Amino acid sequence: MRHLSLTLAAACLCALLACQPPGPEGTGETYVPGGGPQGVSGVSGESGETGVTGKTGPTGKTGPTGKTGPTGQAHGPKLVTPEAVQFGYRKDGATFAMPFTAQTLHLENAGDEPTPALTLSIEDGAWVAVSNTNLGVIAPGQGADITVTPTIAAGQGERIMRATLRLKGGAIDVTVPAYAAIGHANLPDQIPFSDDDWAHRAVAPLPRAPHPTWPQAEQYKAHVHMSVAKDFRKSARTVDAIIALHGFGGILSATVPAHDYVEQAAYSHRNAILIVPQGKYNYAGDDFGQLRQQDGVRKLVEEAIIVLYRDGAITHPVMGKVAISSHSGAYVSLADMTTKSGVPGGLAGVYLCDSMYGLADAYEAYAESQAGRFVTNYQNIGDNSGADEPGVESKALQPKLVASGLQTALIVDRPLPEILAATDNVFHDTINNHGMTPEYQYNLGEYWRASLLEPSVTPTPLLRSASLVAGTLHVAFFAEPSSVATVYRVYGSTDGTTFTLLGEGDGGTSLLRSLDVPVTGAGFYVRMTASRDDLGEGPAGDTYFVRAGSGGGRVVIVDAFDRYFDGKMNQEYHDFAARLGADVAATDSVVACADEAFETGGCSVSGADIVVWMAGLNSSQNPPVPVGSRTPLTAFLESGGRLIMTGAEIGFQMSGDAFLSGKLKVAYAGGDDSGSSVAIGAGALTSIPAFSFGGLDSYAVDYPDIFPPASGASTVLKYTNASGTSAAVLFKGAFKSGAPAGAVLSVGFPLETITPAATRGSVVRALIDGVR
């Protein structure tokens, strides 16, 4: 653990500390090439568009996936084994309903030379015996079978049996695990799982639940939610776990969807199962029963692993790291779990969501143990004035950890991954209400993503900014420390469809990295991937568009659209900023950045005459204009800058906010739905013909805002509904006394959803001309 005190607000992070990522763990391959020289893997792909130079690479919008293949013949022995010896599952009792049977371990030499003489040993597994330990030489193309026999006694309780079979000879040293799972005598024989867009999931009563029995009145229920995300690697040698504890009055069927636990676990891309146990059912108190007892957490995690192993969702039933979050009153039980979990090495993460009403000494002790990450968030509005409130308790704890020499940081509003990934102990002022602290701005998803848990795929680099100057493409990006990527790749396209590898590199060793890639061409689409040796190339991230203009203005496109898993998008990465960037007139230079970079000073608007802020469908969970972004936006406007603000929930989320009326010049009065998906020019922009938005090639816009003009502004777009309500307003003038004249054009729907593309381009260019 690092010993450093960081008291950082979100707005002072442009030059973040360097942080060397840890090295990757072993890959657990089940074959070993022999002593001969190995061929080198090559990458093939379609050639790129003219005008964009660089290496050839894969094509298609779904992400680069170029074929790989050997370019040379491998020589030597190559021992191929099963991934594991699986004895399966049985329920415990006086006798097993069906005894465990012997399994065959089949070995094969897929190389072109004989193996050395091989021996087999058993490690950590007195419960198995093998038919032969001296295997001798295996000729090329030949195999050998070994009988592995289990000896497992019934009536000894629920448990996971594991052994390691080790094959050695010369340069060959291969391990093959063997597993058997014994379920609790009261474990249900059938637990039906279902699949949806996010996860493979089930809810069932479990013997290791907090309250396995309950009174007739059903004050307690034994149900536990278990799920694995779609990108879960079932073949991983260990299984990490995330446990989410609900607060007072918790009812599992309501709290799981209310806080987006499943979706946030998927968003985190951790190779972890999600467990949400039912505490006291709909009860105004905290008691997670058996989980508060010694080894209670470990037993529940192992039981969930057994269930998922029996179901076939997990290949290796071995518990890895465990992180636990609590909401509201669950802090009492979680305090016990920090010392009694029974998880080897202790909890890898403890996350309190407006939940530290007391017991600060227990959480101080956990932080000082340095077993894992610690985050306490608190809502900074309403009732945080009392001495027992989470805000007061958290603010009192931070200086104590600093005095102990521990690393801490303060985050205001947005859970920036740059801080979360670099800091062991985070104090997070969420600026929202108590009930939403687990899911607001995907708090838990961001915490888990920056945790010590293993990734499920090579984490996508988060593109922070892209610009093109004098034939050099500059990209800045955030690299998760867990990725330990072999290489980061930059892809480009002239049409937004066919992407070519422009360049690659490691980008340095810090969390915030950059690459400079020489290119030919005036403008093109850009996106990034990362590759890790054991996980391969991960998915591509957001697509941006950049251009070196030819004498026009400088337009900065800010991608602030972060909402994606509430039934409207279900799409983590998108090309919406690229669409609008490509619509800008060819004479203008175009720079693109994420709103996180804009907020923290990593996206310069110096010399820019227009900023286009894309809020998309951001709403209550993901504010269209986060608090930390308002200061730089205000400074831009007050210096004479011109802003185009576009999104469908801006008025709804910011109703009554002085920023809405004072800076965006919108007199919103509850017009959450225009009832129209067609708009037309009005006032100063009356020449814009009628156009549609929210088409099938984009995304649905269910509630376009009605934007009446505030004082000094005027309507420039109208909806074609019966009353012709205002869809966009334009203000030109000074934003404070004595300041130069600036301008703002606020649009009540997302411009990127205008269809067809040619119409969108003409409308965007007309709006840019209008705001100038």
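Scroll up to find the structure this text is about.
Fair warning: this is a prediction, and the values are worked out from it, not measured in the lab. (Residues numbered from 1 in each chain as written. Predicted model: local features only at pLDDT ≥ 70, side-chain atom pairs only at ≥ 80, totals over all residues. Heavy atoms only, no water.)

Student: I keep staring at the packing of helix H9 (residues 576-583) against helix H14 (residues 757-771) and nothing clicks. Help me out?
Tutor: Packed helices, taken two at a time, are described by the angle between their axes plus the distance between the axes. Between H9 and H14, the shortest axis-to-axis distance is 8 Å and the interhelical angle comes to 65°. The angle between H9 and H14 falls in the class roughly perpendicular. Once H9 is placed against H14, the crossing between them reads as right-handed. Facing H9, whose interface residues are Arg579, Leu580 and Asp583, H14 presents Ala757, Arg760, Gly761, Val764 and Arg765. (Axes fitted to C-alpha atoms, helices over the stretch in contact; angles between N-to-C directions. Helix = DSSP H or I, 4+ residues; strand = E, 2+ residues; numbered from the N terminus. Parallel < 35°, antiparallel > 145°, perpendicular 65-115°, else oblique. Left-handed = near helix turned anticlockwise from the far one by under 90°. Contact = heavy atoms within 4.5 Å.)

Student: Just to check I follow, could you spell out the sheet that holds strand S15 (residues 223-229) for this structure?
Tutor: Paired through backbone hydrogen bonds, the strands of a sheet run either parallel or antiparallel to each other. Across the sheet, which stays open at both edges, the ten strands sit in the order S13-S14-S15-S17-S16-S18-S19-S20-S22-S21 with mixed pairing between neighbours. Unpaired on one side and paired on the other, strand S13 (194-195) and strand S21 (408-412) mark the two borders of the sheet. Looking at chain direction, strand S19 (residues 349-353) and strand S20 (residues 373-378) are connected through five bridges and run parallel. Each bridged residue has a counterpart across the sheet, and for Tyr351 the counterpart in S20 is Val375. Those strands touched by helix H5 (residues 360-369) are S19, S20 and strand S22 (425-429), and its axis lies near 145° from that of S19. (Pairing = 2+ DSSP bridges.)

Student: Help me out: how do you make sense of empty space enclosed by the protein in this one?
Tutor: Which parts of space are left empty comes out when a probe the size of a water molecule is rolled across the atoms. Under the defined criterion, the tally for this structure stands at six cavities of 30 Å³ or more. In this model, the largest cavity occupies a volume close to 480 Å³. Elements that contribute at least two residues to the lining of the largest cavity include exactly helix H8 (443-449), strand S23 (462-469) and helix H10 (595-599). The leading source of residues in the lining of the largest cavity is S23, at three residues. In terms of residue class, the lining of the largest cavity is built from 15 nonpolar, six polar and eleven charged. (1 Å grid on protein atoms, 1.4 Å probe; cavity = no way out; pocket = protein on both sides within 12 Å on 5 of 7 lines; lining within 4 Å. Points joined across faces, edges and corners; volume = space filled by probe spheres on them. Nonpolar A, V, L, I, M, F, W, Y, C, P; charged D, E, K, R; others polar.)

Student: What is the right way to read the pattern of salt bridges from this model?
Tutor: Oppositely charged side chains are able to pair whenever their charged atoms sit close together. One pass over the full model with this rule turns up 31 salt bridges. One salt bridge connects Asp189 with Lys91, and the closest N-O pair in it is separated by 2.7 Å. Linking Asp189 in the loop between strand S12 (172-183) and S13 with Lys91 in strand S5 (residues 85-91), this pair joins segments that are 98 residues apart in sequence. Judged by its relative accessible area of 21%, Lys91 falls in the partly exposed class. Across the salt bridge formed by Lys230 and Asp195, the nearest N and O atoms sit 3.8 Å from each other. Of this pair, Lys230 sits in the loop between S15 and strand S16 (239-245) while Asp195 sits in strand S13; the two residues are 35 residues apart in sequence, bridging distant segments of the chain. On the basis of relative accessibility, which here comes to 51%, the residue Asp195 falls in the exposed class. Residues participating in the shared-partner salt-bridge network are Arg414, Glu418, Arg464, Asp562, Asp595, Glu596 and Glu599. (Salt bridge = Lys/Arg side-chain N within 4 Å of Asp/Glu carboxyl O. Buried < 20%, exposed > 50% of the residue type's maximum accessible area, 1.4 Å probe, protein only.)

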